[in-house]
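# Descriptive structure summary
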Amino acid sequence: MIEIKNAIRMIQNNDALPVYYLKGNDQFLHNFFIEKLCDSIFTENNIVKSLLTPNEMSGKEIIEQILFSDLFNTQKLFILRDPQQLKGKAAKDLLEYCSNPIPNHFLVLINDNFMDNSSFSKSLVKNVDPINVSTPFARDLSKWARFFFKENNKKAEPSIIEELVENYGDSVYNIKNEIDKLCLMNNNAIIKASDINSASSWVRSRQRWELMSSIGNRDLERSISLSKEIIGDFDTMISLVYPLTAFFQEILYAKMNNGTFVNPKSYISLSKSIKNNISTFARRYNKQEIEKSIRELKDIETRQKTSNSDDESDLINFIYNTIG
């Protein structure tokens, strides 16, 4: 397994390979790698790039596109998502191509499932070393954060880097997005903790994770106290319904998986500290309690959208009914 920084370093040293296999689901890293590859193999106004997907094309069509060479032997980049979905002759032809690629053709295969151990993936890695494009761990996310600040010609205090990784570290893209917004709003060369303590989005995120943690730990007193701080000043009940539902869904998935937290099933991101403690939270609730909480959140959502409902009362009643 090759780390993405090493693969990019080779590309920047004009040592691009004809075939790459990206494994992992961080969309920013997918795009970042492809961008660096394009910078290396194409001139500025001469990019020939094709996206191929088995969901929209037959295996035969995909292989024909990859194999087609024009009279001018044009340099081309093909990006094939989910190559493991190809079956039969198409899969065999793709593996054969990876062993004997066409000159001036570059192929990037992207498999979101880092743990994929299919027969296709096993065969592919015999000829192509996979590149890890999963969301990095906290230490490497901190390096990415510093890189993004540098891109904005700024530096940040270590405490800000830590909070970014904590609150937005579910993907590299989210960290970049928050840093770009933070730099846009701040004219200082060095961003300090005092510059963000008053930023409502940061305070809101921090308090949300604290509330989820206290609910997960069944700390009734702390949960009630936090709910009164959050509602009105920074959040509404309807804006809390979705992250709380995602939170309890992850607890339910862990419960159904014998207490083990697997890859997140929700489209709503949770902080790293919350994800790291999902298995602990799952042990504090039984399956019926979790399902009851999810149903109640659905009822609250309906009530909030169809009647004059009090945010603070809805949240406090939910906490009482959940924690007991």
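What comes next concerns the included structure. (Residues numbered from 1 in each chain as written. Predicted model: local features only at pLDDT ≥ 70, side-chain atom pairs only at ≥ 80, totals over all residues. Heavy atoms only, no water.)

Our focus in this paragraph is the overall build of the chain. Along the chain, the regular secondary structure elements total 16 helices and 8 strands. Expressed along its principal axes, the backbone C-alpha trace of the chain runs to roughly 70 × 50 × 35 Å. Counting across all 324 residues of the chain, residues that qualify as buried make up 46%. Long-range pairs, those at least 24 residues apart, make up 78% of the contacts in the chain with a sequence separation of at least 6. Roughly 17,200 Å² of accessible area belongs to the chain as shown, and the carbon and sulfur atoms make up 48% of that amount. Across the chain, the centroid of the 40 positively charged side chains sits 4 Å from that of the 42 negatively charged ones. (Helix = DSSP H or I, 4+ residues; strand = E, 2+ residues; numbered from the N terminus. Buried < 20%, exposed > 50% of the residue type's maximum accessible area, 1.4 Å probe, protein only. Contact = heavy atoms within 4.5 Å. Areas by Shrake-Rupley, 256 points an atom, 1.4 Å probe, with all protein chains shown as cover. Lys, Arg positive; Asp, Glu negative; His and termini not counted. Charge placed at Lys NZ, Arg CZ, Asp CG, Glu CD.)

Moving on to the environment of N100. Along the polypeptide, N100 turns up in the loop between α4 (88–99) and β5 (105–111). Between the C-alpha atoms of N100 and W209, which are 109 residues apart in sequence, the distance is 50 Å.

On to the pattern of salt bridges. Under the criterion given, the structure shown has 12 salt bridges. Between R81 and D112 there is a salt bridge, with the nearest N and O atoms lying 3.0 Å from each other. Separated by 31 residues along the polypeptide, R81 in strand β4 (residues 76–81) and D112 in the loop between β5 and α5 (119–124) bring together distant segments of the chain. Accessibility expressed as a relative area gives 18% for R81, which makes it buried. Looking at D112, the relative accessible area reads 27%, which means it is partly exposed. The partner of K176 in a salt bridge is D180, with the nearest N and O atoms 2.8 Å apart. Taken together, the residues span about one helical turn, with K176 and D180 both in helix α8 (residues 172–185) at a distance of 4 residues. Ionic contacts of the salt-bridge type, sharing partners, join the residues K298, E301 and K305 into one network. (Salt bridge = Lys/Arg side-chain N within 4 Å of Asp/Glu carboxyl O.)

Time to look at the packing of helix α6 (residues 138–151) against α8. Close contact between α6 and α8 brings their axes to 10 Å; oriented N to C, the two are set at 35 degrees. Considering only the axes of α6 and α8, their crossing is right-handed. Contacts from L141, W144, A145, F148, F149 and E151 in α6 reach V172, I175, K176, I179, L182 and C183 in α8. (Axes fitted to C-alpha atoms, helices over the stretch in contact; angles between N-to-C directions. Left-handed = near helix turned anticlockwise from the far one by under 90°.)

The next point concerns the side chain of E178. Inspection of the secondary structure puts E178 in helix α8. Given a relative accessible area of 8%, E178 falls into the buried group. Of note is the side chain of E178, whose polar atom sits 3.1 Å from the side chain of K181. (Polar contact = N/O pair within 3.5 Å; in protein donor to acceptor, adjacent residues only side chain to side chain.)

This part is about the nonpolar core. Formed by 38 residues in total, the largest nonpolar core has its most connected members in F33, L77, V108 and F149. Where this core is concerned, the elements lending two or more residues are α1 (4–12), β2 (19–23), α2 (27–41), β4, β5, α6, α7 (158–168) and α8. If you tally residues by element for this core, the top one is α2, at 8 residues. With sequence-adjacent residues up to four places away left out, F149 is seen in contact with K154, A156, I160, I161, L164, I179, L182, C183 and I191. By size, the runner-up hydrophobic cluster in this structure holds 32 residues, among which are L240, L244, I251 and Y285. (Core = buried A, V, L, I, M, F, W, Y, C linked by side-chain atoms within 4.5 Å.)

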